[in-house]
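Next come the chains, spelled out residue by residue.
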Amino acid sequence: MKKLTLIVGVLALVVTSCGDTQKEKPATAPESMVKKEAEAAKPDVPAEEVTVTIKANDQMKYDLTEIKVPVNSKVTLTLVNEGKMPKEAMGHNFVLLKKGTDVADFAMRAIEAGIAKEHIPSGTETIAYTKLTGGGESVTITFDAPAKGSYDFICSFPGHWGMMKGKLVVG
Ligand code: CU
């Protein structure tokens, strides 16, 4: 018997490795999360909030004749009527008037407006005003300070403005 020599041919397998050419992403830094709002912020600053309390009494007087507030402020004003008399007899309000208002004329028309309209005549002379208060009442209003300057305020109840008046000074 012939011995068969088996020649085993070994096939070398050439493994071709495919070039794993994963593209490297450029190493850019992530977008900055820093908000840029600060740079883009509007130049106007938030309004400063100011609180004012003014008292009125049965002697037909305010306790303040001058109120100072900063420019660009938001004013919260409380009128405290410390009197005891009813508003029909001794009502008080706080009426802030625009510049150039003829106060005597305004006061005259306030009388004509009557108590039903709380002695606020129709028109555009007011910057802000409270309702009419009787003794023991108080009322709060909020308004934006007008432009720098000085403004008249009065109580528009009939006959009061001669005694009950003052200046709001913005500046
Ligand atoms: Cu008054």
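Read on for a plain summary of the structure. (Residues numbered from 1 in each chain as written. Predicted model: local features only at pLDDT ≥ 70, side-chain atom pairs only at ≥ 80, totals over all residues. Heavy atoms only, no water.)

1. Notes on the packing of aromatic side chains
- Under the criterion given, the structure shown has 2 aromatic pairs.
- A ring pair is formed by Tyr-62 and Phe-153, whose centres lie 5.4 Å apart and whose planes are at 65 degrees; its orientation type is edge-to-face. Here Tyr-62 is found in the loop between strand S1 (48-56) and strand S2 (66-69), whereas its partner Phe-153 is found in strand S7 (residues 149-154), with 91 residues between them in sequence.
- Counting every residue linked through ring pairs, the aromatic cluster contains Tyr-62, Phe-94 and Phe-153. (Phe/Tyr/Trp six-rings, centres within 6.5 Å; stacked < 30°, edge-to-face > 60°. Helix = DSSP H or I, 4+ residues; strand = E, 2+ residues; numbered from the N terminus.)

2. Observations regarding the pairing of strand S3 (residues 73-81)
- Pairing of S1 with S3 involves 9 bridges; the strand directions are parallel. Each bridged residue has a counterpart across the sheet, and for Ala-56 the counterpart in S3 is Asn-81.
- In terms of strand pairing, S3 meets strand S6 (residues 138-144) through 7 bridges, oriented antiparallel. In the sheet register, Thr-78 faces S6, and the bridge partner there is Thr-140. (Pairing = 2+ DSSP bridges.)

3. Section: unusual backbone geometry
- Positioned with a positive phi, Asn-72 is a non-glycine residue whose angle comes to about 65 degrees.
- One can find Asn-72 in the loop between S2 and S3.
- Located in the positive-phi region is Glu-118, a residue other than glycine, with phi close to 55 degrees.
- Inspection of the secondary structure puts Glu-118 in the loop between helix H3 (103-113) and strand S5 (126-129).
- Residue class for Glu-118 comes out partly exposed when judged on its relative accessible area of 22%. (Buried < 20%, exposed > 50% of the residue type's maximum accessible area, 1.4 Å probe, protein only.)

4. With respect to the sheet that holds S3
- Reading across the sheet, the 3 strands line up as S1-S3-S6 and stay open at both edges, with mixed pairing between neighbours. Only two strands of the sheet have a single partner each, and these edge strands are S1 and S6. Strand-to-strand, the axes of this sheet are offset by a mean angle of 20 degrees, without reference to chain direction. (Axes fitted to C-alpha atoms, helices over the stretch in contact; angles between N-to-C directions.)

5. So, the coordination of the copper ion
- Around the copper ion, the donor atoms from the protein are His-92 (ND1), Cys-155 (SG), His-160 (ND1) and Met-164 (SD), and they sit 2.1 to 2.7 Å away.
- Taken together, the 4 donor atoms coordinating the copper ion and their angles of 80 to 132 degrees define a geometry best described as irregular.
- Mapping the donors of the copper ion onto the primary sequence yields the spacing H-x62-C-x4-H-x3-M. Taken together, the residues His-92 in the loop between helix H2 (87-90) and strand S4 (95-97) and Met-164 in the loop between S7 and strand S8 (165-170) connect sequence positions 72 residues apart.
- We classify His-92 as buried; its relative accessible area is 0%.
- The buried category is assigned to Met-164, whose relative accessible area is 0%. (Donors = N, O, S within 2.8 Å, 3.2 Å for Na, K, Ca; no water. Tetrahedral: all angles 85-135°; square planar, octahedral: opposite > 155°, others 65-115°.)

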